[in-house]
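This is what each chain is made of:
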Amino acid sequence: MDLALLYSGGKDSTLAALFLDSFYDVTLVTGRFGITGDWEHAEAAADRLGYPFEAVDLDRSVAEAAVDEMLDDGYPRHGIQRVHEHALETVAELDVDAVADGSRRDDRVPTVSRAQAQSLEDRHGVDYLSPLAGLGRNAVDRLVEETLTVETGPSETIPKGDYEAELRSLIAERAGEDAVESVFPAHEQSYVRGLRSDG
């Protein structure tokens with residue numbers, strides 16, 4: 001069975017791929033708005049891990065609307081949620097049996113409610129899986145420590161292929177670097193360098 005997993009190159013989506021690998025033919029998929037080339041970081045991580053990779057084009061108007069929301073709110077939550085939902089909808093249109101993401105039990109954003117998952121499945125004829133939904137941060141960190149070689153650090157300094165880099169760029173273009181710092185709180189990001197067994 002073919003599965004498309006929304007992939008950032010970070011530890012959560014990589015761990016999700018490892019969980020699903022026994023049951024599905026997993027392709028790692030990164031959505032891109034065409035604002036930056038940061039999606040290539042996800043492609044490089046997928047290549048190191050030996051997974052097929054695909055970049056899908058997202059609707060730039062969704063990024064624009066998300067940035068409007070972030071600037072109005074003064075924080076990223078609703079904008080990130082908007083983009084994640086759009087990415088899931090886009091990936092669900094691929095020729096796959098299932099779609100998945102790396103969201104965890106204690107994530108504040110993005111989240112997918114039961115009703116949203118059922119709607120996605122019904123409208124697109126796919127299964128939606130969130131293999132880390134029952135795991136908290138500590139469990140994920142322990143599993144990652146045993147399995148993956150990961151680079152971590154402040155979000156603005158770590159390579160990543162998620163939506164954040166493009167949204168940061170769009171905010172900076174529209175409202176300046178100070179706006180980026182005021183919208184996005186300081187937080188740690190991860191980038192997978194490989195499987196721990198590789199070296």
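The model shown is predicted, which means the values in this text are computed figures rather than measured ones.

A. Spatial organisation of unusual backbone geometry. The omega torsion of the bond from V109 to P110 falls at -5°, within 30 degrees of zero and hence cis. Inspection of the secondary structure assignment puts P110 in the loop between β4 (98-100) and α5 (114-124).

B. Region of interest: the packing of aromatic side chains. Overall, the coordinates contain 1 aromatic pair when judged by the stated rule. On the basis of an interplanar angle of 10° and a centroid distance of 6.4 Å, the ring pair of W39 and F53 is categorised as stacked. Highlighted residues: W39 in helix α2 (residues 39-49) and F53 in strand β3 (residues 53-57), separated in sequence by 14 residues. Among the residues examined, W39 registers a relative accessible area of 18% and is labelled buried. Geometry around W39 places R32 over its ring, the cationic atom sitting 4.6 Å from the centre. We note R168 situated over the ring of F184; from NZ or CZ to the ring centre the distance is 4.8 Å.

C. Just the sheet that holds strand β5 (residues 127-129), in detail. The 5 strands lie next to each other as β3-β2-β1-β4-β5, forming an open sheet whose pairing is parallel. Unpaired on one side and paired on the other, β3 and β5 mark the two borders of the sheet. Strand-to-strand, the axes of this sheet are offset by a mean angle of 30°, without reference to chain direction. As paired strands, strand β1 (residues 2-6) and strand β2 (residues 25-32) are joined by 5 bridges and run parallel to one another. Note on β2: the bridge partner recorded for D2 is D25. Relative to β3, α2 is tilted by about 160°, and along the sheet it contacts β2 and β3.

Definitions and limits used
Position labels on residues start from 1 in each chain and follow its written sequence. Where totals are concerned, whole chains, interfaces and linings use all residues; where local detail is concerned, this predicted model gives features only for residues with pLDDT of at least 70, and gives and counts side-chain atom pairs only at 80 or more. The basis for every side-chain value is the complete set of heavy atoms in the structure, and neither hydrogens nor water enter the calculation. Elements are defined by DSSP. Helices are runs of H or I of four residues or more, strands are runs of E of two residues or more, and each kind is numbered from the N terminus. When the centres of two rings from Phe, Tyr and Trp lie within 6.5 Å, Trp using its six-membered ring, the rings pair. Their planes under 30 degrees apart give stacked, over 60 give edge-to-face, and anything left gives tilted. Summary of the burial criterion: residues with accessible area below 20% of their type's maximum are buried, those above 50% are exposed, and those between are partly exposed, where the area comes from a 1.4 Å probe applied to protein chains only. As a reminder, the over-ring test applies to NZ of lysine and CZ of arginine, requiring each to be within 6 Å of the ring centre and within 35 degrees of the ring normal. Strands qualify as paired when DSSP identifies two bridges or more between them. Axis geometry follows a simple rule: fit a line to the C-alpha atoms, using only the stretch in contact for helices, then measure angles between N-to-C directions, giving values from 0 to 180 degrees. The contact definition used throughout considers only heavy atoms, calling two residues in contact when any of these lie within 4.5 Å.

Keep in mind that these numbers describe shape and distance, not what the molecule does.
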